[in-house]
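Each chain, written out:
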Amino acid sequence: MDLKITTLTGEDAGTLKVSEEIFGLEPREDILHRVVRWQLAKKQQGTHKAKGRSEISRTGAKMYRQKGTGRARHSSARVPQFRGGGKAHGPVMRSHAHDLPKKVRALGLKHALSAKARSENLIIVDELSAKEAKTKVLAESFAKLGLDNALMIGGAEIDAGFKRAAANIPNIDVLPVQGINVYDILRRGKLVLSKAAVEALEERFK
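Residues numbered from 1 in each chain as written. Predicted model: local features only at pLDDT ≥ 70, side-chain atom pairs only at ≥ 80, totals over all residues. Heavy atoms only, no water.

Named according to an unreviewed UniProt entry, the protein chain is Large ribosomal subunit protein uL4 originating from Chelativorans petroleitrophicus. In the Subunit (unreviewed entry) part of its UniProt record, the protein chain is described as follows: "Part of the 50S ribosomal subunit." (UniProt positions renumbered as here; feature names shortened; annotations may be inferred.)

This is how it looks when you write it as structure tokens:
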């Protein structure tokens, strides 16, 4: 399939032939959901923690004698039913990450790219670079292309001036092609790929 190439100023820069196996698939929501869930689970810190009865700093002596008080039999003041006692079945520090086959992850990325292409939210530019690293100039260029919420993927290295200028524009993310991922693609309205990024992706999925 052929995709139109444009410049950041909105001028026509020809066409680029891309693989149907990467940009022409029928998007599957179940695969996209699995990959996004895997990514978000991996990002969770898992540092939530509550103290159990064994971790409470309180005397271990029996509270009062076993019989003759007319009250329930209690041994420790550290148990959950008392104020200041440990939490029963509370959260503990753990990793929320789970495994996902490498083939499914790769397929998820292909389906995310295909979803953007199918919904006409994929823009290919000749290169992501800025002659002058000024946010105002870059914001005007984005406005001409209708980019108010976009993920921009460059080649192996992003032009430093472009990255610096784009950093202050809200709802615009800039990543090198190595950092492309399903969650970031889906959370932004438009996906902007440089010509170098498309070539790198096709090389990656050969």
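A look at the packing of aromatic side chains
By the definition in use, this model includes one aromatic pair. Relative to Phe162, the ring of Phe142 lies with its centre 6.3 Å away and its plane at 70°, an arrangement referred to as edge-to-face. In this pair, Phe142 is assigned in helix 4 (residues 135-145) and Phe162 in helix 5 (residues 160-166), connecting sequence segments 20 residues apart. (Phe/Tyr/Trp six-rings, centres within 6.5 Å; stacked < 30°, edge-to-face > 60°. Helix = DSSP H or I, 4+ residues; strand = E, 2+ residues; numbered from the N terminus.)

Notes on the confidence of the model for the protein chain
Of all residues in the protein chain, 100% attain a pLDDT of 70 or more, and the chain-wide mean is 92. No element of the protein chain has a lower mean pLDDT than strand 2 (residues 12-17), which averages 86, and none a higher one than helix 2 (residues 29-43), which averages 97. (pLDDT = per-residue confidence, 0-100.)

Comments concerning the pairing of strand 1 (residues 2-6)
In regular strands, side chains alternate between the two faces of the sheet. For strand 1 and strand 2, the ladder comprises four bridges, and the chain directions are antiparallel. Directly across from Leu3, in strand 2, lies its bridge partner Leu16. Count of turn residues in the strand 1/strand 2 antiparallel hairpin: five residues, of which Gly10 carries a positive phi of about 90°. Bridge count for strand 1 against strand 3 (residues 122-125) is two bridges, and the pairing is parallel. The residue bridging Thr6 from the neighbouring strand is Val125, located in strand 3. (Pairing = 2+ DSSP bridges.)

A closer look at the pattern of salt bridges
Tallying each qualifying case throughout the model produces seven salt bridges. Among the salt bridges present, the one from Arg118 reaches Glu26, with a minimum N-O distance of 3.5 Å. Of the two residues, Arg118 sits in helix 3 (residues 102-118) while Glu26 sits in the loop between helix 1 (20-23) and helix 2, which places them 92 residues apart along the sequence. (Salt bridge = Lys/Arg side-chain N within 4 Å of Asp/Glu carboxyl O.)

Quick notes on the sheet that holds strand 1
The mixed open sheet is built from six strands, whose spatial order is 2-1-3-6-4-5. Among the strands making up the open sheet, the edge pair consists of strand 2 and strand 5 (172-175). On average, each strand axis in the sheet is inclined to that of its neighbour by 30°, with strand direction left out of account. Sheet analysis places strand 4 (residues 150-153) next to strand 5, joined by four bridges and oriented parallel. By the bridge assignment, Ile153 is partnered in strand 5 with Leu175. (Axes fitted to C-alpha atoms, helices over the stretch in contact; angles between N-to-C directions.)

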